[in-house]
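The chain contents come next:
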Amino acid sequence: MLIHPWDAPRDDAEWQQWLSVHDFGQLAVNGLPGEAPYVQPLHFVYDAERGEAVTHLAHPNPLWPALERNPVVLLSVVDDYAFIPGPWQAAPDGPSEHGTPTSFYAAVQLRCTAHVVDDPAEKAALLNRQVGRFQPEGGSARVAAGEEPFGRMLAGIRGIRLEVTDVRAKFKYAEKKPTEVQDRIASGLAARGGPRDAAALAIQRRRRGL
């Protein structure tokens, strides 16, 4: 992922804050020889203090042999994206049709070493961490190895602990453009009101200090 200086996060806190509310991504695993990479969409829980993310997948998932052969993986998260029409990006002193269309987006890529979790008690603890994150209001029985209602289901999954070894983050929101152009883009996002326009506008305004 190309990251220009003006698209880089201000500090670790910026991408960590963004990632704390974006917990669905794609796990990319190097394929076996002659095969394409495996890319698995999944929910995960990221723990900045531990420097890891945890998740789980079904035991029949075809990526396991590739993951065990090469545990170096990439967890990729992209959101708050918006298409920016060319006229919005036109130079202040040029014709609108000369503006270049582009995309706004935020992205965090975690390079990780994957550790497969097969011990039933450890899998139960991992699942309880995930449920605690996604369902803090409770309402479901805790998972415990050998106990109902979920203990017998543990054999059907494998846990993954992703030890984070490197992070690349990007916030592409036209910060290199002149103020007039940034204002025009902001107005366009506010007026269009597409599914992710408000989120993109909020990041653009925050990055500009507005």
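Please refer to the structure higher up on the page.
Below you will find a few notes about this structure. (Residues numbered from 1 in each chain as written. Predicted model: local features only at pLDDT ≥ 70, side-chain atom pairs only at ≥ 80, totals over all residues. Heavy atoms only, no water.)

### Concerning the overall build of the protein chain
The following threshold applies: Strands are runs of DSSP state E lasting at least two residues, helices are runs of H or I lasting at least four, and both sets are numbered from the N terminus onward. We call two residues in contact when some of their heavy atoms are within 4.5 Å. A positive count includes Lys and Arg, and a negative count includes Asp and Glu. His and the chain ends are not counted in either. Every charge is mapped onto a representative atom, which is NZ of Lys, CZ of Arg, CG of Asp or CD of Glu.
Helices and strands together make up the secondary structure of the protein chain, namely 5 helices and 7 strands. The linear arrangement of helices and strands in the protein chain, starting from the amino end, is α-β-β-β-β-α-β-β-α-β-α-α. Along the three orthogonal principal directions, the C-alpha set of the protein chain runs to about 70 × 45 × 30 Å. Long-range pairs, those at least 24 residues apart, make up 76% of the contacts in the protein chain between residues at least 6 apart in sequence. Taken together, the 23 basic and 26 acidic charged side chains of the protein chain have centroids lying 3 Å from each other.

### So, unusual backbone geometry
In this model, E148 is joined to P149 through a cis peptide bond whose omega is 5 degrees. Inspection of the secondary structure puts P149 in the loop between α3 (120-134) and β7 (157-172). Although it is not a glycine, D80 adopts a positive phi angle of roughly 55 degrees. The topology assignment puts D80 in strand β5 (residues 72-84).

### Description of the nonpolar core
The condition is simple: Nonpolar cores were defined as sets of buried Ala, Val, Leu, Ile, Met, Phe, Trp, Tyr and Cys residues, with membership established by side-chain atoms within 4.5 Å. Each residue's exposure class comes from its accessible area (1.4 Å probe, protein chains only) as a fraction of the maximum for that residue type: buried when under 20%, exposed when over 50%, partly exposed otherwise.
The biggest cluster of nonpolar side chains holds 39 residues, and the ones touching the most others in it are L19, L162 and L189. Considering every element that reaches this core, the biggest residue donor is strand β6 (residues 102-117), with 6 residues. Not counting the four nearest positions on each side in its chain, L19 is found in contact with F44, Y46, V77, V108 and L110.

### Remarks on the packing of aromatic side chains
Each aromatic ring pair is described using two quantities: the centre-to-centre distance and the angle formed by the ring planes. Stated precisely, the cut-off is as follows: Side-chain rings of Phe, Tyr and Trp (the six-membered ring for Trp) are treated as a pair once their centres are within 6.5 Å; stacked means planes under 30 degrees apart, edge-to-face means over 60, and tilted covers the remaining angles. Any Lys NZ or Arg CZ that is within 6 Å of a ring centre and within 35 degrees of that ring's normal is treated as a charge sitting over the ring.
Applying the stated criterion across every chain yields a total of 3 aromatic pairs. Between W15 and Y46, the aromatic rings sit 6.0 Å apart at their centres with planes inclined by 50 degrees, giving tilted as the arrangement. Of this pair, W15 sits in helix α1 (residues 12-20) while Y46 sits in strand β3 (residues 45-47), and the two are 31 residues apart along the sequence. Side by side, W15 and Y46 carry an identical accessibility label, which is buried. Its guanidinium or amino end placed over the ring of W64, R158 lies 4.8 Å from that ring's centre, counting from NZ or CZ.

### Some points on helix α4 (residues 179-192)
For clarity, the threshold we go by: Multiply 1.5 Å by the residue count of a helix minus one, and that product is the helix's expected span. Our arc is simply the arc of the directions from the helix axis toward the C-beta atoms.
With 14 residues, α4 should cover 20 Å at 1.5 Å per step; its first-to-last C-alpha distance of 20 Å lies within 8% of that length. Taken as a whole, α4 has its buried residues at V181, Q182, I185, A186, G188 and L189. Taken down its axis, α4 places every buried residue within 160 degrees of arc, on the same side. Of the exposed residues in α4, the ones pointing more than 90 degrees away from its buried face are T179, A190 and A191. Residues of α4 that are buried sit in contact with β5, β6 and α5 (197-208). Following α4 by one or two positions, G193 has its phi on the positive side, about 60 degrees.

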